[in-house]
Amino acid sequence: MKKLLLATALFSTTAMANVPIMGTVESKCVITTETPGIYGNPTPSVLSTDEVDGGITPVVRFDVATADYYKAVISTPDSFSTAPALEDVVNWSGDVSVSEVTVAEMAAYDTNKRVYNNTHEFDLTIAGTVWFKASSSAGYGYDKSFPAGNYNAVVEASCIAI
Amino acid sequence: MLISFGVSSHQFTPTYPELSQSYMPKVLKLEMQLLNKRQDISYYELEVLDIDSNPVSFAARQKIFEVQYLKRKNIEVYIRQADKDKAYYVCSKSKILKGQNKTSPVSSKICSKIIK
């Protein structure tokens, strides 16, 4: 009986030793749209994604498998993709900030970001997941009321290899 | 613990694609793969850009193509030998159909860096 158990153990050990385990870590970036935005209309002349204004701020998630391979470039809207005919200028403002992180050090992305026009650039120097909130606000003319209708604008989130 | 609901993402790999000779002389080829995990998006657009994000001419079977939700698509991008040094990024960008969204959507764009 002992011989049989020993033989079985040896046999199974040999079989297990032949099972290969392989893995590949690929440097890749995944952009996930967690929350699409909604404009609130706190006053007739303002559309805003801020929660206090009745809107919903869009949230974009970036998953990076390897550090220092990508930068996140997020642009807040500077025009409507859908809107009724507008006869006056629209004054746009927006901001992008880190809202959640999986690694505490990612909080430094906010202080190290580069901002130009309506675009915010973040170097993704730490592997893991980071969530960005992209707020947007539009004012119509000089305190003019926006015409009734549907308003949509697009936040562009890019992940660019460096 | 992280729990995520309604996840929708876009993947474009490899990160550093290499230019290789195509079946045509003086034309180089890149092989890319796109995975569409965005339920709200069915169309993507290809772009080839220089280092300053200016467009570089290229050819592909379709520059705007359909990828169904949870499907992968293998893509071949053709670049002239003469544009080899100019072509710096190959990008895929989600296309949002007009009137498709009631909310303000997020457009995703992923750029891979071309290795010469």
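Everything here concerns the structure above.
Small disclaimer: the values here were computed from a predicted structure and weren't measured.

Reading the values: rules and limits
Position numbers for residues start from 1 in each chain and track the written sequence from start to end. Here chains are named by letter from A upward and ligands by number from 1 upward, in the order in which they appear as written. Per-residue local features are limited, in this predicted model, to residues with pLDDT of at least 70; the limit for side-chain atom pairs, both in listing and counting, is 80 or more; totals at the level of whole chains, interfaces and linings are taken over all residues. Per the convention used, a helix needs a DSSP run of H or I reaching at least four residues, while a strand needs a run of E reaching at least two, with both numbered from the N terminus. With C-beta atoms placed from the backbone, the exposure class of a residue follows from how many other C-beta atoms lie within 10 Å of its own: 20 or more, buried; 12 or fewer, exposed; in between, partly exposed. A residue pair is marked as a contact if its C-beta atoms, positioned from the backbone, fall within 7 Å. Residue classes follow a fixed rule: Ala, Val, Leu, Ile, Met, Phe, Trp, Tyr, Cys and Pro count as nonpolar, while Asp, Glu, Lys and Arg count as charged, and any other residue, Gly among them, counts as polar. At least two bridges found by DSSP between two strands are what make those strands a pair. Lines fitted to C-alpha atoms define the axes, with helix axes restricted to the stretch in contact, and inter-axis angles between N-to-C directions lie between 0 and 180 degrees.

## Details of the overall build of chain B
Across its full length, chain B holds 0 helices and 9 strands. Ordered by position from the N terminus, the helices and strands of chain B form the series β-β-β-β-β-β-β-β-β. Expressed as a percentage of the 116 residues in chain B, the buried residues total 30%.

## Re the interface of chain B and chain A
Each side of the interface is counted separately: chain B has 25 residues, and chain A has 26 residues. Taken together, the elements giving at least two residues each to the side of chain B that touches chain A come down to β1 (9-13) and β9 (106-113) of chain B. When residues in the side of chain B that touches chain A are grouped by element, the largest group, 8 residues, is from β9 of chain B. Partitioned by chemical class, the residues of the side of chain B that touches chain A number 8 nonpolar, 13 polar and 4 charged.

## Some remarks on the environment of R38 of chain B
Secondary-structure assignment places R38 of chain B in the loop between β3 (27-37) and β4 (43-49). Sequence separation of R38 of chain B and A87 of chain B is 49 residues, and the distance between their C-alpha atoms is 28 Å.

## Overview of the sheet that holds strand β10 (residues 155-161) of chain A
Across the sheet, which stays open at both edges, the 8 strands sit in the order β7(A)-β8(A)-β5(A)-β10(A)-β9(B)-β8(B)-β4(B)-β6(B) with mixed pairing between neighbours. What marks the edges here is a single partner per strand, and that holds for β7 (114-116) of chain A together with β6 (64-66) of chain B. Strand-to-strand twist across the sheet, computed as the mean angle between neighbouring axes with direction ignored, equals 20°. In terms of strand pairing, β10 of chain A meets β9 of chain B through 6 bridges, oriented parallel. Bridge pairing in β9 of chain B links V155 of chain A to V106 of chain B.

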